[in-house]
Amino acid sequence: MKICIVGAGGRMGQMLVRQIAVHGACTLGGATERRGSNLLGRDAGELAGVGKLDIAITDNAEAAIASCGAVIDFTAPAASVRHAELAAKSGAVVVLGTTGLDAEQDAIIAQAATRVAVIKSGNMSLGVNLLTALVQRVAAALDDSYDIEIVEMHHRHKVDAPSGTALMLGEAAASGRKIALGDKAARGRDGHTGARRPGDIGFAALRGGDVVGEHTVVFAGPGERLELTHKAANREIFANGALRAALWGRGKAPGLYSMHDVLGLKD
């Protein structure tokens, strides 16, 4: 299976190229960067440190995506929307790991999913997706005398907060409680806030250093506290999950899927 990596010059892009180079079931079919990038024309394999792959980085995303069976996107919301629309035209599977999309952008992604398979997740790792399944079950088992708080930390360069993974975990907790996250999310506390509102799902975002990603869901109840934690040591886990998703999506009917579909975690 030929896979196009958009944003191939970034940290995740280069990691994806490296993982494709050692993967037996897929090959790099295209690599893109934004218009004006000083990486245009570079060999994607040489840039990623795996030797020449004879795939030059281009700013022609339409042609690169059209030549491949799947596109993997960890770029930025506006770019991801365009790439999904291009994939819908060419029939390529879309694997979308971009976070921070707004409601309008999500709607465009959903429209693309009426034409091709789109696997969208705030986190592609096996461990995080297992964690979301656990969080949903724990939230369902514990009543709202157990307060739910989600704490996440990422590197200093991350631009959105809470992280997409933290929001995934919040949605899992809300689903377990059979409530809407939008009605109960508490995303920031400052000054004289008053007592914690019963049933809230709180978020705290920490930024600093080169932390790949750490997430803890706290269930704080009377006399005890349960904490479920995932710590990412490197970006390989996200790249490997994305490749698994791309291969899983081959031949699937159009639709909006998640990593829970890929990993068989749906109830």
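Residues numbered from 1 in each chain as written. Predicted model: local features only at pLDDT ≥ 70, side-chain atom pairs only at ≥ 80, totals over all residues. Heavy atoms only, no water.

Asks: Account for the packing of helix H1 (residues 11-21) against helix H9 (residues 236-249), with residues named and values stated.
Replies: It is at 9 Å that the axes of H1 and H9 come closest, and there the two elements cross at 60 degrees. When the axis of H1 is compared with that of H9, the two are oblique. Crossing handedness for the pair H1 and H9: right-handed. Facing H1, whose interface residues are Met12, Met15, Leu16, Gln19 and Ile20, H9 presents Glu236, Phe238, Ala239, Asn240, Ala242 and Leu243. For the contact of H1 with H9, a count of residues per class yields 8 nonpolar, 2 polar and 1 charged. (Axes fitted to C-alpha atoms, helices over the stretch in contact; angles between N-to-C directions. Helix = DSSP H or I, 4+ residues; strand = E, 2+ residues; numbered from the N terminus. Parallel < 35°, antiparallel > 145°, perpendicular 65-115°, else oblique. Left-handed = near helix turned anticlockwise from the far one by under 90°. Contact = heavy atoms within 4.5 Å. Nonpolar A, V, L, I, M, F, W, Y, C, P; charged D, E, K, R; others polar.)

Asks: Can you lay out the sheet that holds strand S3 (residues 70-73) for me, pointing to particular residues and giving the numbers?
Replies: On the basis of which strands lie adjacent, the open sheet formed by 6 strands has the order S2-S1-S3-S4-S5-S11 and parallel pairing. Sheet topology places strand S2 (27-32) and strand S11 (255-257) at the edges, where each strand pairs with a single neighbour. Between one strand axis and the next, the sheet turns through 20 degrees on average, direction left out of account. One ladder, built from 4 bridges, connects strand S1 (residues 2-6) with S3; its direction is parallel. Considered in S3, the bridge of valine 6 is made with aspartate 73. The sheet contacts of helix H5 (residues 103-112) involve strand S4 (93-96), strand S5 (117-120) and S11, and relative to S5 the element is tilted by about 140 degrees. Helix-sheet contacts for H9 involve S1, S3, S4, S5 and S11, and the interaxial angle to S4 is about 155 degrees. (Pairing = 2+ DSSP bridges.)

Asks: Any chance you could break down the layout of surface pockets for me, citing the residues and the numbers?
Replies: Each pocket or cavity is described by its volume, and for the largest pocket that value is around 1,200 Å³. Around the largest pocket sit 48 residues that line it, and Met12, Phe74, Thr75, Ala76 and Thr98 are the ones nearest its centre. For the lining of the largest pocket, the class distribution of residues is 15 nonpolar, 24 polar and 9 charged. Estimates place the volume of the second largest pocket at around 950 Å³. Taken together, 36 residues form the lining of the second largest pocket, with Lys120, Gly122, Leu167, Met168 and Glu171 sitting closest to its centre. Taken together, the elements giving at least two residues each to the lining of the second largest pocket come down to helix H6 (126-141), helix H7 (164-177), helix H8 (181-184), S11 and helix H10 (259-263). Per element, the largest residue contribution to the lining of the second largest pocket is 6 residues, and it comes from H7. (1 Å grid on protein atoms, 1.4 Å probe; cavity = no way out; pocket = protein on both sides within 12 Å on 5 of 7 lines; lining within 4 Å. Points joined across faces, edges and corners; volume = space filled by probe spheres on them.)

Asks: Go over the pattern of salt bridges with me, naming the residues and quoting the values.
Replies: Within the structure shown, the criterion is met by 11 salt bridges. Ionic pairing is found between aspartate 54 and lysine 52, a salt bridge with its closest N-O pair at 4.0 Å. The salt bridge involving aspartate 160 is made with lysine 158; its shortest N-O contact spans 3.1 Å. Residue classification places aspartate 160 among the buried positions, given a relative accessible area of 16%. (Salt bridge = Lys/Arg side-chain N within 4 Å of Asp/Glu carboxyl O. Buried < 20%, exposed > 50% of the residue type's maximum accessible area, 1.4 Å probe, protein only.)

Distances and angles like these do not, on their own, reveal function.
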